[in-house]
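The residues making up each chain are set out below.
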Amino acid sequence: MIACKPPGSVSPLLLWRALLLACLTISFSAQAQDDDTIKLALKTTNAPLLKSPDVEPVLFGVQKKSRLLQSTATVYTSQLSTTPSPQFLQALPGRLAGLNIRFTSGGPGLDGNGMSFDIRGARAQIILVDGVERGYLSLDPEQIESITVLKDALSTAMFGQRSSYGIISIKTKKGDVGKPRLSFTAQTGFETPSALPKPLAAWQYATLYNEARQNDLGQTTSTPVFSQAQIDAYKDQTDPYTYPDVNWYKTVLNKNARVTRYNFNIQGSGKGFRYFVDLDKLNQKGLFKTDDDKNPYNTNSQLDRYILRSNLGVDVTPSTFVQLNLFGRFQRYNQPGGGVASIFSSLLTTPQLAYPVYNPNGSYGGTSVYGENANIYGQAVSRGYQFQDVRDIAVDLEVTQNLDVLTKGLYLRAKASNNNTAYYTTTRVKNFEVYQYAGTTNSYTKYGTTTEQTTGGGVNERSRIVYLEGAAGYERTFGRHAIDVQAIANQQSRLWFNINNLPENYTAYAGKVNYTYDDRYVVEGAVSYGGYNYLTPAKRWATYWAYGLGWNLHNEHFIKDNLHFISNLKLRANYGLTGQVNAGYFSYIQTYFNPGTNTNNAVAYWYGAGMSLERSTGENAISNPNLGPEKAKKANAGIDVGLLKNRLTVTADYFYNKFYDLVAAPTMTTAVLGAGYPALNYQKFNYYGTEITTTWQDQVKDFAYYISANFSMVQSKVVYNAELPKQYDYQVLTGKPVGVLYGYTATGLFKSYDEINDPATAVMPAAPKSSLRPGDIRYLDRNGDGVIDANDQSGIGSAKPTIYFGSTIGLRFKGFDLSALLQGTMNRQSYLSGDFMNGFGNNGNYTAYEYNLGRFTLATAETATQPRVWLGTNTNNSQTSSFWLFNNDFVRLKNVEVGYTLPEKLMRRIGSPTVRFFANGLNLLTWAEIYKVRKDLDPESWGAAYPIMKVFNFGLNVKF
């Protein structure tokens, strides 16, 4: 076991420098580069823009493309390194058909910060790095050889109890044959928000506040809270302490944040060995302003990451090959003491007139409403700081024994992997007081207390993953017959040291056979017997399988002898059964609470003269001994086309996946039971759709170029969801898309009191006509009973298929190169509601936004698309309804890179094969349908989230 020491034991910067120095010493002590090395580097420079090897990465190895029956999609290093982001998922949107990635926030963060993904519509979070499940999303692209998405049953069936939802498989570089080749890249740039909310100026807020108060009182005239003189004072800013107008976003946030990354790697081979060593250092700063005069420490959000990878392959004997992979990563995520999320929440909700940043005497401004720790600038610089340290160490050892001495093509393979993660939080938090200034008396009222900085922290996670694998294989060609057989047994065991759980074990015994006749007809079958120890013994093991057929038509004489422009034409289809565990910790075992573990006062009683609280013993949630794995029957049919010597390629797939026995909480329950209900296997969802990828690439003398586009369409259907009986057919969600919203259908806004008081107008009992005002939302009385209630609710939103797409272009002319990626969606809808849309939340204490200037008024009654403004709560307008559901398609210029490689003749003179300057960017331009509604948001992220960032990056790459 490899133990990770607690924070403070080793300086990651010193460790990184020592490793870098060691690698430089090793590399430069190697023999000097000769013309062969230079020619190799130049050959690499002139390689095709899009890598297209003859083999495709699959779950346990690689497979010749002519024999591939699985539905997969792969990108390589060159397509990843153009994206300036710490997380490799940022490089994938729009590049791979079938993979849909969503971003809910940006900025510095640890693995998976602000992002999620699915494969063909179904939830998926399985990421393999060199065949082992590890959650390493923050990796430098230079160490990645390829990323492959495994999408259908035949590609995942051998993964046992984790085979249903698709897999992202990362293969790291192992080193090429040749003399040492060094690469050093230095890059720096800046990030800036793609959009930020735009709160109202103080005087506009005061004006709309008066209007909202009048709206709430209806036809009764209200006394304005803000007089015209006060509104003028907010507008003129003659007394900014009494009448402040603070743009908090500009006060607390910088316009941009710096990001810097350095990478050094070396690869090559010697007699009997090959190697790849990669060192990477990243510094990504956040947007928060800091105050060096106040603090000797950093209060900005910031990610510092150090990575070392060393992959070494050794031919121990002519028939024995050993692969040793070492990986180390240190991450420190720093943030203000109160947390990033708290500051962005305050930025979103605090009015610009709430209080000044500073009072005349230099103290922090505040009020009785915005008291201790509320001043947003104070939250950024005077709350101390906290940081999370994450240390990962992974060791993979793989031994392959060639058994050609027995029969050609036979081999054995053994693999062991040990992965340790230590995740700690350190807090150095303090409180600060604020003062409310009274200008008329030149006095101050104090709220809160300034405290000393605390010293605290603890373990978030300490875990170890051990993976063991044994495999036997046989791959051989006999004349027209080719066979590839694999038999594999593996187990992954994960143990959390910071909790008392027993290890979580996945075990699988799997095999596959691929047979090809005359490189024309292909058949493949795969099977696995998978186990998961948290399930009841009777449900712990299950068998999964898949089979496929393929036909390489281009090798038929009637095509290759007559249609010479056809380079590749393959039909393929497969079908299979897969499974996925979705169970809690030994949830089949009934557990109980006792007085020592009971913290629920509802199951306790007061006893005795002293009235002490006596806690009881009782039953926790009911167990389910019959809970089993989720399952899916998947069908896939595809065609691969290559024309004109594969300059034009097309891959198209149709899939139909039937998921069943999905785990969910029961819908039919009663409180009479007195205990929580267990999760059950009962849901049935179908996902089906089409994927198409088309690529054209060519080279005319020194000009090489390509254009590639992919299109994914996914539809879904609820087959069974144990719905409670409904009175009307329109209330039934079975048969509708998975995840459809359920609510009222809005028909517009009330334009007048006459419309509200019309006897034919239906309203909800909780919002009677006396509470409604012109500008409130009107709902459809679906059943015509004159009342808006639960019987009028139904599925709302579009039933159209989800579509996501991408298009990449690339070109190279002599030393110049260019690549660009467009990414977008169709039929996408987003539900935007709450205080961010309404304004004046929390009984009017929250801010309002420029968006609210388009609110309903009597003057705009015929054209308004927004409700009236109000203070605090509004029962009628806050219902879940179609009114707040907006079309939200978008197209992004996701990534652009421009580069220039210095001429060969010049580089020969200084002894360096290649020097390349480049500039790239991320999220550069966005066209979004939601901008018709409001523009102070990003189509993927809004409200109190850390904004999605645009990145502008510049760098230099030198290869020796």
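What counts as what
Each chain carries its own residue numbering, running from 1 in the written order of its sequence. Per-residue local features are limited, in this predicted model, to residues with pLDDT of at least 70; the limit for side-chain atom pairs, both in listing and counting, is 80 or more; totals at the level of whole chains, interfaces and linings are taken over all residues. As a convention, hydrogens and water are excluded, and side-chain values are obtained from all of the structure's heavy atoms. Relative accessibility decides the category of a residue: with a 1.4 Å probe and only protein chains considered, values under 20% of the type maximum give buried, values over 50% give exposed, and everything between is partly exposed. Only DSSP runs of H or I with at least four residues qualify as helices, and only runs of E with at least two residues qualify as strands; both kinds are numbered from the N terminus onward. A contact between two residues is defined here by any heavy atoms of the two lying within 4.5 Å. Directions pointing from the helix axis toward each C-beta atom define the arc. pLDDT expresses, on a scale from 0 to 100, how confident the predictor is about each individual residue. UniProt positions are given in the numbering used here, feature names are shortened, and annotations may be inferred rather than shown by experiment. Two N or O atoms form a polar contact when they lie within 3.5 Å of each other; inside protein one atom must be a possible hydrogen donor and the other a possible acceptor, and for residues adjacent in sequence the pair counts only when both atoms belong to side chains. Being paired, for any two strands, means DSSP has found at least two bridges between them.

The next point concerns helix H8 (residues 340-349). Counted residue by residue, H8 has seven buried out of ten residues, so it is predominantly covered. Three or more residues of H8 are buried, namely Val340, Ile343, Phe344, Ser346, Leu347, Leu348 and Thr349. On its buried side, H8 packs onto helix H7 (248-252), strand S15 (320-336), helix H9 (376-381) and helix H12 (835-838).

Bringing helix H6 (residues 228-236) into the picture now. Buried residues of H6: Ile231, Ala233 and Tyr234, and no others. The buried residues of H6 occupy one face: seen down the axis, they fall within an arc of 160°. Looking at H6, the residues exposed on the side facing more than 90 degrees away from the buried face are Gln228, Ala229 and Asp236. For H6, the secondary structure elements touched by its buried residues are helix H5 (202-217). In the stretch just after H6, Gln237 is the one whose phi turns positive, near 60°.

A residue-level look at the chain finds 94% of positions with pLDDT of 70 or above and a mean pLDDT of 91. Overall, residues 1-45 carries pLDDT values under 50, and its contacts beyond four positions in sequence, including any with other chains, amount to 61 contacts.

Here, UniProt's "domain: TonB-dependent receptor plug" (unreviewed entry) annotation points to residues 65-166. Across residues 65-166 one finds 8% helix and 28% strand; the C-alpha atoms that close the span lie 20 Å apart.

A word on the environment of Arg773. Along the chain, the position of Arg773 falls in the loop between helix H11 (753-757) and strand S36 (777-779). Sequence separation of Arg773 and Gly218 is 555 residues, and the distance between their C-alpha atoms is 6.5 Å. Separated by 3.0 Å, the side chain of Arg773 and the backbone oxygen of Asn215 make a polar contact. A distance of 2.9 Å separates a polar atom in the side chain of Arg773 from the backbone oxygen of Ser770.

In this section: the pairing of strand S23 (residues 521-532). Looking at chain direction, strand S22 (residues 504-517) and S23 are connected through twelve bridges and run antiparallel. Bridging from a neighbouring strand, Thr516 pairs with Val522 of S23. Between the antiparallel neighbours S22 and S23 lie three residues, among them Asp518 with a positive phi of about 60°. Taken together, the eleven bridges between S23 and strand S24 (residues 541-552) define a ladder with antiparallel strand orientation. Opposite Ser528, over in S24, you have Tyr544 as the bridge partner.

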